[in-house]
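Structure at a glance
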Amino acid sequence: MVAFSKVLVTAASGRVGKALVSNLNRMGAGKGVTIRATVRDISAGDYLRSIGADEIAVFDLTKPDTWEAAVDGCDAIFSSSMDSLIQEHMEFAKFLGQRKDSIKHVVRISCFGADTNTNSYNKDVHASQDGAAIPLMLQHYWWSEECLIEAGLPVTSIRGNFYMNHLLKNEIDNINQEGFFSSCLGDCKNSFVCTNDMGEAAATCLMEGPERHANKFYDITGPEAQSMYEIAEDLSGALGKKIEYRPIDFGQFEKDFGPTRAAFFEYLRNGFYTRCSPDFYNIVGRKGTSYKEYLANKGPFGDTGVEELFSSAGSIFKKGQDNFKNLADVKKA
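What comes next is a walk through the structure. Since we're looking at a predicted model, the values are computed, not measured. (Residues numbered from 1 in each chain as written. Predicted model: local features only at pLDDT ≥ 70, side-chain atom pairs only at ≥ 80, totals over all residues. Heavy atoms only, no water.)

1. Focus: the overall build of the chain
Across its full length, the chain holds 14 helices and 9 strands. For 333 residues, the compact-globule estimate of 2.2 N^0.38 gives 20 Å, and the C-alpha radius of gyration of the chain, at 19 Å, lies within 12% of that figure. Dimensions along the principal axes, computed over C-alpha positions, put the chain at roughly 50 × 45 × 35 Å. Across the 333 residues in the chain, those meeting the buried criterion constitute 58%. Long-range pairs, those at least 24 residues apart, make up 79% of the contacts in the chain with a sequence separation of at least 6. Total accessible area computed for the chain in this model is approximately 14400 Å², and 46% of it derives from carbon and sulfur atoms. (Helix = DSSP H or I, 4+ residues; strand = E, 2+ residues; numbered from the N terminus. Rg over C-alpha atoms; globule rule 2.2 N^0.38 Å. Buried < 20%, exposed > 50% of the residue type's maximum accessible area, 1.4 Å probe, protein only. Contact = heavy atoms within 4.5 Å. Areas by Shrake-Rupley, 256 points an atom, 1.4 Å probe, with all protein chains shown as cover.)

Quick look at the structure:
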């Protein structure tokens, strides 16, 4: 028995969103499941239909007048949003809460590390720096879950590690033209997660429903922790040419991307995101995708990790541009 009849997929054009749509299409075939994928521009809908969406709806977190029509008739929600839209997301959670009698399940994409329901994090106590608070971006990931819970909705949270390839998006020109990439992570190893795995875990939770997955909070990671030197080795093998990792000074990274993002990256330098979680295995029944596998193999919507790396997906940061300079002004809704 399918747990829902129609699911609204927000951020359907994103890396996790596309994997979710494709997996739901596969899992729900012949079971009466309707997948309504959202776009900000209706012209982007054809591609989503080609990978499994049944309906296309215009939806924009910054435009509340798009919310009603998008949600109408849906009894399940896949919720994903950019970090910079936390205020808008919290308002959307209130909107969904007013419809909790008809919404059976919300699956939220998040990040582990600042939640206060499953762990005892103190927002004012940093994992490795005396006198510092937990990074603001990480606190906001918990807020993104908390607002849905407080709205009275049955919530499942898919708390991912940093995405594979995400840290390389600013280095595409260097990789292509000079054969190297830079980051501030040094020797620290992190269990970067495949976005296809995030989408599959979320799709499985939706298909199996709130009876099994409501009030569950899953940490999804890759199957091994890797340093950026090891990432460079895997990337070299996939591209058929030598790619070198060149560490950069943390102070320079903060100048390039701003203090808010730099504070978050300190958790990628201190071992906080090194551990490998069994939760993906416990949800889907197999080990997560390695970086080498991700780069070489086609995902559920047809792209390899190499193709994703050189695509525009996830390219949201630019050197010299602080995307989060106003996040400190955000207050809980």
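2. A look at the sheet that holds strand β8 (residues 216-220)
Taken in spatial order, the 7 strands line up as β3-β2-β1-β4-β5-β6-β8 in an open sheet, and their pairing is parallel. At either end of the open sheet lies a strand with only one pairing partner, and these are β3 (55-58) and β8. Neighbour-to-neighbour, the strand axes of the sheet open up by a mean angle of 20°, direction not taken into account. Inspection of the sheet shows strand β4 (residues 76-79) paired to strand β5 (residues 105-111) by 4 bridges, in the parallel sense. Residue pairing in the sheet places Phe 78 in a bridge with Val 107 of β5. Relative to β5, helix α7 (residues 195-208) is tilted by about 155°, and along the sheet it contacts β1 (6-9), β4, β5, β6 (155-160) and β8. (Pairing = 2+ DSSP bridges. Axes fitted to C-alpha atoms, helices over the stretch in contact; angles between N-to-C directions.)

3. Description of the packing of helix α4 (residues 86-97) against helix α5 (residues 136-150)
At their nearest, the axes of α4 and α5 sit 8 Å apart, and the two run at 15° to each other. In this view, α4 runs roughly parallel relative to α5, as classed from their interaxial angle. Helix-helix and strand crossings are classified by hand; for α4 and α5 the assignment is right-handed. Touching Ile 86, His 89, Met 90, Ala 93 and Leu 96 of α4 are His 140, Trp 143, Ser 144, Cys 147 and Leu 148, all from α5. Broken down by class, the residue content of the contact of α4 with α5 amounts to 7 nonpolar, 3 polar and no charged. (Parallel < 35°, antiparallel > 145°, perpendicular 65-115°, else oblique. Left-handed = near helix turned anticlockwise from the far one by under 90°. Nonpolar A, V, L, I, M, F, W, Y, C, P; charged D, E, K, R; others polar.)

4. A few points about helix α9 (residues 228-239)
With 12 residues, α9 extends 16 Å from end C-alpha to end C-alpha; this agrees with the ideal 16 Å at 1.5 Å per step. One or two residues past the end of α9 sits Gly 240, with phi positive at roughly 75°. (Expected span 1.5 Å × (residues − 1).)

5. Some remarks on the environment of Gly 222
Turning to its location among the elements, Gly 222 is positioned in the loop between β8 and α9. A C-alpha to C-alpha distance of 9.0 Å links Gly 222 and Tyr 163, two positions 59 residues apart in sequence. Residues within four places of Gly 222 in sequence aside, it is in contact with Ser 191, Phe 192, Val 193 and Cys 276.

6. Considerations on the environment of Asn 176
By the secondary structure assignment, Asn 176 is in helix α6 (residues 172-178). According to the relative accessible area criterion, Asn 176 is partly exposed, its value standing at 44%. Contacts of Asn 176, omitting those with residues within four sequence positions, involve Lys 241 and Phe 310.

7. What to know about the pattern of salt bridges
For the structure shown, the criterion picks out 16 salt bridges. Notably, a salt bridge pairs Arg 286 with Glu 200, separated by 2.7 Å at the nearest N-O pair. In this pair, Arg 286 sits in the loop between α12 (279-284) and α13 (291-296) while Glu 200 sits in helix α7, placing the two residues 86 residues apart along the sequence. One network of salt bridges, in which partners are shared, links Lys 6, Arg 36 and Glu 55. (Salt bridge = Lys/Arg side-chain N within 4 Å of Asp/Glu carboxyl O.)

8. A look at unusual backbone geometry
At Ala 11, a residue that is not glycine, the phi angle is positive and equals roughly 50°. Within the secondary structure, Ala 11 sits in the loop between β1 and α1 (15-27). Take Ala 11: its relative accessible area is 36%, and that puts it in the partly exposed class. One non-glycine residue, Asn 215, adopts positive backbone phi at about 60°. Within the secondary structure, Asn 215 is located in the loop between α8 (210-213) and β8.

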